Amino acid sequence: GESVGLHLPTLSVQEGDNSIINCAYSNSASDYFIWYKQESGKGPQFIIDIRSNMDKRQGQRVTVLLNKTVKHLSLQIAATQPGDSAVYFCAENLVTSFQKLVFGTGTRLLVSP
Amino acid sequence: EAQVTQNPRYLITVTGKKLTVTCSQNMNHEYMSWYRQDPGLGLRQIYYSMNVEVTDKGDVPEGYKVSRKEKRNFPLILESPSPNQTSLYFCASSLDRRGLSQETQYFGPGTRLLVL
């Protein structure tokens, strides 16, 4: 079916480590993917996006990788900081006659000092 | 400052008592939508609006109503709330339906609703 899921509900890392958050998607026709960060008590905040014609896209301390062969998306955070502690979730754009975003359930990232 | 505002932020009510959660954006966005967020289920779209007087159902519209009389406002109405509508609600706005540009996808701060 059309679903977006995450492999790990909680990821704990030490400050300064690199973090990798994974996401599996089921619709091979999806053409656009977004990662969001949601801090406690706040709404989701855009982090980075990637289109299906790309394999990798880099931002400031973040990199998104897209593997269309296995329908897998990952978010890499370099030199993780305590301020990165939040719930991260991915979203995919379903390319149907009615295009829409479908959101994953989220992974909680805990960064220890 | 570009933003999406929601009111109230927290609400406790009883079954059957009509309530409205307001949403307003100051970015002149055409597309607005409402989501509910529940543990283990992620964000699910309730209703969306592509422009003034144009609204349509999302994935979980049952028990909800919306209206879009003005471009900036998109209230969510629960005519007869039930306990299964206890959730965290988010309003979002964007220039286009998919919010395909980093600059166009904005979420409000959320409204936590408890229906007793």
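Nothing here was measured: the structure is a model prediction, and the numbers come from that model. (Residues numbered from 1 in each chain as written. Chains lettered and ligands numbered in written order. Predicted model: local features only at pLDDT ≥ 70, side-chain atom pairs only at ≥ 80, totals over all residues. Heavy atoms only, no water.)

## Side note on the interface of chain B and chain A
Step number 1: Counting residues at the interface gives 22 residues for chain B, matched by 21 residues for chain A.
Step number 2: Both sides of the chain B and chain A interface together cover about 1,700 Å² of buried area, and 53% of this is carbon and sulfur.
Step number 3: Along the contact surface separating chain B from chain A lie zero salt bridges.
Step number 4: Remark: the boundary between chain B and chain A carries two residue pairs in polar contact (both at pLDDT 80 or more).
Step number 5: Contributions of two or more residues to the side of chain B that touches chain A are made by strand 4 (31-38), strand 5 (42-51) and strand 9 (87-94) of chain B. (Contact = heavy atoms within 4.5 Å. Buried area = accessible area lost by both parts, 1.4 Å probe. Salt bridge = Lys/Arg side-chain N within 4 Å of Asp/Glu carboxyl O. Polar contact = N/O pair within 3.5 Å; in protein donor to acceptor, adjacent residues only side chain to side chain. Helix = DSSP H or I, 4+ residues; strand = E, 2+ residues; numbered from the N terminus.)

## Observations regarding the side chain of N93 of chain A
Residue and element names in this part refer to chain A.
Step number 1: In this structure, N93 sits in strand 9 (residues 86-94).
Step number 2: Classification of N93 as buried rests on a relative accessible area of 0%.
Step number 3: A distance of 2.7 Å separates polar atoms of two side chains, one belonging to N93 and the other to D31. (Buried < 20%, exposed > 50% of the residue type's maximum accessible area, 1.4 Å probe, protein only.)

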